[in-house]
Amino acid sequence: MAKICHRRRIAVFSTVLTAAWLVGIADSFTSAPPLVREFRFSGRLQATKAADDDTEEERNEKMEKALKAMTNFSNKYISTTQTKYCQDKSIAAVVIKGLAEHKVSLGTPLCPCRFYEDKEAEAKDGYWNCPCTPMRERHECHCMLFLTDDNQFAGPETNISIEEVKDLSGGFTK
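Residues numbered from 1 in each chain as written. Predicted model: local features only at pLDDT ≥ 70, side-chain atom pairs only at ≥ 80, totals over all residues. Heavy atoms only, no water.

The name an unreviewed UniProt entry assigns to the protein is ferredoxin:thioredoxin reductase, from the organism Thalassiosira oceanica. The record in UniProt for the protein states the following under Function (unreviewed entry): "Catalytic subunit of the ferredoxin-thioredoxin reductase (FTR), which catalyzes the two-electron reduction of thioredoxins by the electrons provided by reduced ferredoxin." (UniProt positions renumbered as here; feature names shortened; annotations may be inferred.)

> Whenever I open this one, the packing of helix H3 (residues 56-81) against helix H4 (residues 89-106) confuses me. Can you help?
The geometry of a pair of packed helices is captured by two quantities: the angle between their axes and the separation between those axes. Contact pair H3 / H4: the axes reach a minimum separation of 8 Å and the direction vectors enclose 125°. With respect to H4, the element H3 is oriented oblique. Between H3 and H4 lies a crossing of right-handed hand. Here Arg59, Lys62, Met63, Ala66, Leu67, Ala69, Met70, Thr71 and Ser74 of H3 lie close against H4, whose contacting residues are Ile96, Lys97, Leu99, Ala100, Glu101, Lys103 and Val104. Per-class residue counts for the contact of H3 with H4 are nine nonpolar, two polar and five charged. (Axes fitted to C-alpha atoms, helices over the stretch in contact; angles between N-to-C directions. Helix = DSSP H or I, 4+ residues; strand = E, 2+ residues; numbered from the N terminus. Parallel < 35°, antiparallel > 145°, perpendicular 65-115°, else oblique. Left-handed = near helix turned anticlockwise from the far one by under 90°. Contact = heavy atoms within 4.5 Å. Nonpolar A, V, L, I, M, F, W, Y, C, P; charged D, E, K, R; others polar.)

> Help me out: how do you make sense of empty space enclosed by the protein in this one?
By rolling a water-sized probe across the atoms, one finds the places where empty space is left. For the coordinates displayed, the defined rule picks out two cavities of 30 Å³ or more. The volume enclosed by the largest cavity comes to roughly 80 Å³. Every residue lining the largest cavity is counted, 13 residues in all, and those nearest its centre are Cys111, Cys130, Cys132, Cys141 and Cys143. Here the residues of the lining of the largest cavity sort into 13 nonpolar, no polar and no charged. (1 Å grid on protein atoms, 1.4 Å probe; cavity = no way out; pocket = protein on both sides within 12 Å on 5 of 7 lines; lining within 4 Å. Points joined across faces, edges and corners; volume = space filled by probe spheres on them.)

> Quick question: what am I supposed to make of H4 here?
Given 3.6 residues to a turn, an α-helix orients residues that are three or four positions apart in the same direction. An ideal rise of 1.5 Å per residue puts 26 Å on 18 residues; H4 measures up with 25 Å between its terminal C-alpha atoms. Where H4 terminates, the next one or two residues include Gly107, which has phi positive at roughly 90°. (Expected span 1.5 Å × (residues − 1).)

> I keep staring at the confidence of the model for the protein and nothing clicks. Help me out?
Atomic detail in the predicted coordinates should be set aside for any region of low pLDDT. Mean pLDDT over the protein: 77, with 68% of residues reaching 70 or higher. Taken together, the stretch residues 1-50 has pLDDT below 50 and engages in 52 contacts with residues farther than four places along the chain or on a different chain. (pLDDT = per-residue confidence, 0-100.)

> Can you walk me through helix H7 (residues 162-169) in this structure?
Listed as buried for H7 are Ile162, Val165 and Ser169. The arc enclosing the buried residues of H7, seen along the axis, measures out at 60°, which places them on a common side. Structural note: H7 exposes Glu163 and Asp167 on the side pointing more than 90 degrees away from its buried face. On its buried face, H7 sits against H3 and H4. (Buried < 20%, exposed > 50% of the residue type's maximum accessible area, 1.4 Å probe, protein only. Arc of directions from axis to C-beta.)

> Help me out: how do you make sense of the pattern of salt bridges in this one?
Side chains bearing opposite charge may pair, as long as their charged atoms lie close to each other. Tallied over the full model, the rule gives six salt bridges. Residues Lys84 and Asp149 are paired through a salt bridge, measuring 3.5 Å at the closest nitrogen-oxygen approach. Residue Lys84 is located in the loop between H3 and H4, and its partner Asp149 is located in the loop between helix H6 (133-138) and H7; the two are separated by 65 residues in the primary sequence. For the salt bridge of Arg138 with Glu140, the shortest nitrogen-to-oxygen distance reads 3.1 Å. In the salt-bridge network here, residues are joined through shared partners; they are Lys89, Glu157 and Glu164. (Salt bridge = Lys/Arg side-chain N within 4 Å of Asp/Glu carboxyl O.)

> I'm lost on the nonpolar core in this one. Help?
The nonpolar side chains of soluble globular proteins are, as a tendency, buried together. One finds Tyr85, Ile96, Leu145, Phe146 and Ile160 to be the most contacted residues of the largest nonpolar core, which totals 31 residues. Looking at this core, the elements with two or more residues in it are H3, H4 and H7. Contacts of Phe146, omitting those with residues within four sequence positions, involve Phe73, Ser74, Tyr77, Ile78, Thr83, Lys84, Cys130, Met135 and Cys141. (Core = buried A, V, L, I, M, F, W, Y, C linked by side-chain atoms within 4.5 Å.)

> Hey, could you run me through the packing of H3 against H7 in this one?
Relative to each other, H3 and H7 sit at 115°, their axes nearing to 9 Å. With respect to H7, the axis of H3 lies roughly perpendicular. Like other packed secondary-structure pairs, H3 and H7 cross with a definite hand, here right-handed. Where H3 approaches H7, its residues Glu64, Leu67, Lys68 and Thr71 are matched on the opposing element by Ile162, Val165 and Lys166. Per-class residue counts for the contact of H3 with H7 are three nonpolar, one polar and three charged.

This is the structure:
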C-alpha cells in the first residue's frame, strides 16, 4: 500500500513540475520535461558575456558543439512530435544555425525568427525558447522548423545531418 501511495506522489509531482515548467513558473533544469531537459544548456539561462571576448577558434568550437546539440535536438523532437522538416531543407538549416548561435550567445536556444527588444529578457522568460510555447501547446512552429503533415510546405524529411546544416546555412559567421 505504501508503494502505491509513493508512486502516486511521484506521478503527481512529475505532472505538476511539467505543468509549472510549461507555463513558465519553474525555470530550473530539473523541472523541464525529459525531452527538453536533455537538450537545454544545462538549464542555465545565463548570457555568455565572455562569448564576445572569445577568439575565433573558441567561438567556432562552441558553435560546433551547439550546432551538433541543436541538430540532434531537432531530429529527436521531429521523431517525438511526428512532425517533418520543410521541403526546402535550407530553411531548417538556417533555423537550426540560428538556434545554435543563440545557445552560444544567450545560453538558451531562443527562436531566431523573431525580433526582440531585449533578447536576454526573452531568453529568461522562456516563452520563445525552442521548442516555443505555441509549438509545445498547438504544434505551431513560426520558424517552419517543425511542420505537421497537413502543412503545405511539409516535406518527407524527418532527419537532417550536421553537414547538411553547415552546407545549407552558409557555415559559421559572426
